[in-house]
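Observations on the model geometry
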Amino acid sequence: MSKTISQSQRFYLKHLSEPQINCIHHDLKVYNQMYRYTYRRCYDDTFYDVKIGKGFQKKLKARYGTNDYMPLSVISDVKAKIKTSIQIQKFHEKRVTREHKNIKKKYKKVEKQYLQFKKVHNSLISISQGNSVKLHIFKGCGFSYTKHNTCIVDGKEINLYLFEELYIKVMMKHLNHRLKVLLWKMKRKKQEIANYKKHPKQICFGSSKLFKAQYTKEEYINNHQKWRENYLHQRNKQMIIQGRRQGKYGNNLFKYELDSNTMIYRGINETIYLPIQFYYQKELLEEKVKLIHNTPGKAICYVLELSRDYFIIKAILELPEKETTTTKAEGVVGIDINVDHIALTVTNEHGNIIGTKKINYRLKRKTSNQRLWILREVSKEVINICKQHQKTLIIENLNFTYKKQQMKYNKKRVNEVLSNFAYTKIIETIESRAYKEDVAVERVNPAYTSKIGKEKYQQSKGLSTHLAASYVIARRGMSFSD
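Cut-offs used in this document
Position numbers for residues start from 1 in each chain and track the written sequence from start to end. It should be noted that, the model being predicted, local features are given only for residues of pLDDT at least 70 and side-chain atom pairs only at 80 or more, the latter also being counted only at that level, while totals for whole chains, interfaces and linings use all residues. The basis for every side-chain value is the complete set of non-hydrogen atoms in the structure, without hydrogens or water. Here, strands pair whenever DSSP counts at least two bridges between them. Put simply, DSSP H or I for four residues or longer makes a helix, DSSP E for two residues or longer makes a strand, and each gets a number counted from the N terminus. Between the N-to-C directions of two axes lies an angle of 0 to 180 degrees, each axis being a line fitted to C-alpha atoms and, for a helix, fitted only over the stretch in contact. Among buried residues, the Ala, Val, Leu, Ile, Met, Phe, Trp, Tyr and Cys ones that are joined through side-chain atoms within 4.5 Å form a nonpolar core. Exposure categories follow from relative accessible area, calculated using a 1.4 Å probe and restricted to protein chains: below 20% of the type maximum is buried, above 50% is exposed, and the middle band is partly exposed. Should a side-chain nitrogen of Lys or Arg be within 4 Å of a carboxyl oxygen of Asp or Glu, the pair is scored as a salt bridge. An angle below 35 degrees is treated as roughly parallel, one above 145 as roughly antiparallel, one from 65 to 115 as roughly perpendicular, and anything else as oblique. By definition, turning the near helix anticlockwise from the far helix through less than a right angle yields a left-handed crossing, and turning it clockwise yields a right-handed one. The contact definition used throughout considers only heavy atoms, calling two residues in contact when any of these lie within 4.5 Å. Here is the rule: rings of Phe, Tyr and Trp (six-membered ring for Trp) pair when centre to centre is within 6.5 Å. Planes less than 30 degrees apart are stacked, more than 60 are edge-to-face, and the remainder are tilted. Nonpolar side chains (Val, Leu, Ile, Met, Phe, Trp, Tyr) within 5 Å and like charges within 9 Å form the patches, drawn only from residues with over 30% relative accessible area and no salt bridge. Working definition of accessibility: Shrake-Rupley area with a 1.4 Å probe, residue cover restricted to the visible protein chains. All tallies of charge rest on Lys and Arg as positive and Asp and Glu as negative; His and the ends of each chain are not included. A charge is said to be at NZ when it belongs to Lys, at CZ for Arg, at CG for Asp and at CD for Glu. Polar contacts, as used here, are pairs of N or O atoms within 3.5 Å; protein pairs need one atom able to donate a hydrogen and one able to accept it. Residues neighboring in sequence count only if both atoms are side-chain atoms. This arc is built from the directions going out from the helix axis to the C-beta atoms. Asp, Glu, Lys and Arg are counted as charged, while Ala, Val, Leu, Ile, Met, Phe, Trp, Tyr, Cys and Pro are counted as nonpolar; the rest, among them Gly, fall into the polar class.

Observations concerning the sheet that holds strand 14 (residues 391–396)
- With respect to topology, five strands assemble into an open sheet ordered 13-12-11-14-15, the strand pairing being mixed. The two strands at the open ends of the sheet, each matched to only one other strand, are strand 13 (353–360) and strand 15 (441–444). Looking at each pair of strands side by side, their axes are set apart by 25 degrees on average, direction ignored.
- Relative to strand 15, strand 14 is paired through four bridges, and the arrangement is parallel.

Focus on the nonpolar core
- Within the largest apolar cluster, 52 residues are counted, with the highest numbers of intra-cluster contacts made by Met 70, Met 239, Phe 254, Met 263, Tyr 302 and Phe 311.
- Counting residues per element, this core draws most heavily on helix 1 (residues 18–47), which supplies 13 residues.
- Counting 25 residues, the second largest nonpolar core, distinct from the first, contains Leu 375, Ile 426, Ala 434 and Val 439.

Some thoughts on the pattern of salt bridges
- In this structure the tally under the stated criterion is 17 salt bridges.
- A salt bridge links Lys 189 to Glu 192, with the nearest nitrogen and oxygen atoms 3.8 Å apart. With a gap of three residues between them, Lys 189 and Glu 192 both fall in helix 4 (residues 160–196), about one helical turn apart.
- Where Glu 286 meets Lys 282, a salt bridge forms, and the shortest distance between an N and an O atom there is 3.5 Å. Of this pair, Glu 286 and Lys 282 are both found in helix 8 (residues 282–290), four residues apart, which corresponds to roughly one turn of the helix.
- Through salt bridges that share partners, Arg 95, Glu 99, Lys 189 and Glu 192 make up one connected network.

So, the packing of helix 1 against helix 3 (residues 69–128)
- At a minimum axis distance of 9 Å, the contact between helix 1 and helix 3 shows a crossing angle of 50 degrees. Viewed along their axes, helix 1 and helix 3 adopt a mutual orientation that is oblique. Relative to helix 3, helix 1 is oriented so that their crossing is right-handed. Residue-level contacts link Tyr 31, Met 34, Tyr 35, Thr 38, Tyr 39, Cys 42, Tyr 43, Thr 46 and Phe 47 of helix 1 to Met 70, Pro 71, Val 74, Ile 75, Asp 77, Val 78, Lys 81, Ile 82 and Ile 86 of helix 3.

Quick word on the packing of aromatic side chains
- The tally for this structure, following the rule as stated, stands at 24 aromatic pairs.
- When the ring of Tyr 31 is compared with that of Tyr 35, the centres are 6.0 Å apart and the planes differ by 40 degrees; the resulting orientation is tilted. Taken together, the residues span about one helical turn, with Tyr 31 and Tyr 35 both in helix 1 at a distance of four residues. Of the two residues examined, Tyr 31 and Tyr 35, each falls in the buried class.
- Judged by centre distance (6.5 Å) and plane angle (80 degrees), the rings of Phe 211 and Tyr 215 are edge-to-face. A residue pair is termed a helical-turn pair when its members lie 3 or 4 positions apart in one helix, as Phe 211 and Tyr 215 do in helix 5 (residues 208–216) at four residues.

Structural notes on unusual backbone geometry
- One non-glycine residue, Ser 207, adopts positive backbone phi at about 80 degrees.
- For Ser 207, the location among the structural elements is in the loop between helix 4 and helix 5.
- Even without being glycine, Arg 365 reaches a positive phi, approximately 60 degrees.
- Relative to the helices and strands, Arg 365 resides in the loop between strand 13 and helix 9 (368–389).

Things to note about a positive patch on the surface
- On the surface, Lys 104, Lys 108, Lys 187 and Lys 190 cluster together into a positively charged patch.
- Looking at the positive patch, the elements with two or more residues in it are helix 3 and helix 4.
- Relative to the assigned elements, Lys 108 resides in helix 3.
- For Lys 108, a relative accessible area of 52% gives the class exposed.

Digging into the side chain of Lys 391
- Mapped onto the elements, Lys 391 comes out in strand 14.
- Notably, Lys 391 is buried but unbridged: the nearest opposite-charge side chain belongs to Glu 330, and the N-O separation is 5.1 Å.
- At a separation of 3.4 Å, a polar atom in the side chain of Lys 391 contacts the main-chain carbonyl oxygen of Thr 347.
- For Lys 391, the contacting residues outside a window of four places in its chain are Thr 326, Thr 327, Glu 330, Gly 331, Val 332, Val 333, Val 346, Thr 347, Asn 348, Ile 354, Cys 386 and Val 439.

Some details on the environment of Ile 203
- Relative to the helices and strands, Ile 203 is located in the loop between helix 4 and helix 5.
- Considered as a pair, Ile 203 and Lys 358 are 155 residues apart in the sequence and their alpha carbons are 48 Å apart.
- Not counting residues up to four positions away in its chain, the partners in contact with Ile 203 are Tyr 39 and Lys 81.

Observations concerning the side chain of Glu 164
- Tracing the backbone shows Glu 164 in helix 4.
- A polar atom in the side chain of Glu 164 sits 3.1 Å from the side chain of His 121.
- Non-local contacts of Glu 164, meaning those with residues more than four positions away in its chain, are made with His 121, Leu 124, Ile 125 and Lys 169.

With respect to helix 5
- Along helix 5, the residues that are buried comprise Leu 210, Ala 213 and Gln 214. Down the axis of helix 5, the buried side of the element spans an arc of 105 degrees, and every buried residue falls inside it. Residues of helix 5 that are exposed and point more than 90 degrees away from the buried face comprise Lys 209, Lys 212, Tyr 215 and Thr 216.
- Considering only its buried residues, helix 5 is in contact with helix 6 (218–222) and helix 7 (224–235).

Concerning the packing of helix 9 against helix 12 (residues 423–436)
- Between helix 9 and helix 12, whose axes approach to 9 Å, the crossing angle comes to 50 degrees. Classified by the angle between their axes, helix 9 and helix 12 sit oblique to one another. Remark: the crossing between helix 9 and helix 12 carries right-handed chirality. Between helix 9 and helix 12, the residues in contact are Leu 372, Leu 375, Ser 379, Lys 380 and Ile 383 and Lys 425, Ile 426, Thr 429, Ile 430, Arg 433 and Ala 434, respectively.
- Class assignment of the residues belonging to the contact of helix 9 with helix 12 gives a composition of six nonpolar, two polar and three charged.

By themselves, these observations are geometric and do not establish any function.
Have a look at this one:
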């Protein structure tokens, strides 16, 4: 997946002339009307086989009176949005299917407990009728039976009648209620799975939350005009023009003049000249603009976003592929990421250990900004070790989405560990730092790394469990089999 960066500049409306403001408002309105119409037509074409037909871009151009480039950008973005919605639908279908499986597993477990307590209840009835039957006892029941026809529950000895009324019947009632709740949840999940197998819902432009607010919020119920103004603003506030590498400036509607630091916007009815100055990684944008016509990576996407008092122009560009200064020829650096530390192992060209390190950090009870700073410092230390040894970094290709979906029925300690385990954020900061420092990063299959490390290398190499796992990850990155 390619990496992108964005740069932005704010323009206050009070500094613009009336024709320029009218041009921006008009173009945003026309663009979003075209976008909504195109979305409906493409949605019907994708899911209901109502074909758009050839020359749809020309029809849009004639319908809304625009140039060639605005319809092309709209059609491309709409198709990508529909494709994304299909993928999101599939993801949620898999997620709900796993949740249904977890609930079903929990239901069987509770049902087994209920049947065990029912056997205890039946044996108590038989004993009260004078039959020579032993009280049914099962593993983990929480009570024991004495020779004097009494039971011990929580260290207290009670007779069989009180045992039945105060403990067994209460537990059976509780478990029966849980079974009904879990059964209801399973039915709900089945309905959700069936819904996700249908077509994705159409997008509510302007947000469904704001649309519903006209009936739910007091300020909008009493003042419908205010709601309408806010809703129309949300529907028409953004315009995205995709880049084209065939253009001289990487985009056909936005032209960034480097000599005069001017952004030229080719509107539908008027051309606007805006003095602009980008600051964050400005040199990358300038390199893109200076690239030769039709060079791969020259395209620059521009976003025009309107607020109440100002509008923002964002330039989004793809970062170029960089040559790394590290290799795997003389070994690698393998890391095993954990909740409170990173275990790091450095190997030579034969896959043998030449160095280990444990990098500790604490994310529990920290704010988001504190966590980000800690992770940046950790990633800096990891990448510095890779640069020092001139070796490629090897990490695991882990995904905790499924594990976090099971949190509802996990133990409290396990849930706490999963909640505090910012694995994705750690990987993002490490890869971002590696890109800046020209360090190569490779991902490997995480299957059984901890188990292999514990059984094969922990004792023989004198390593901890996590250092042994990082050693296995490093060897796997070098294509050694364990």
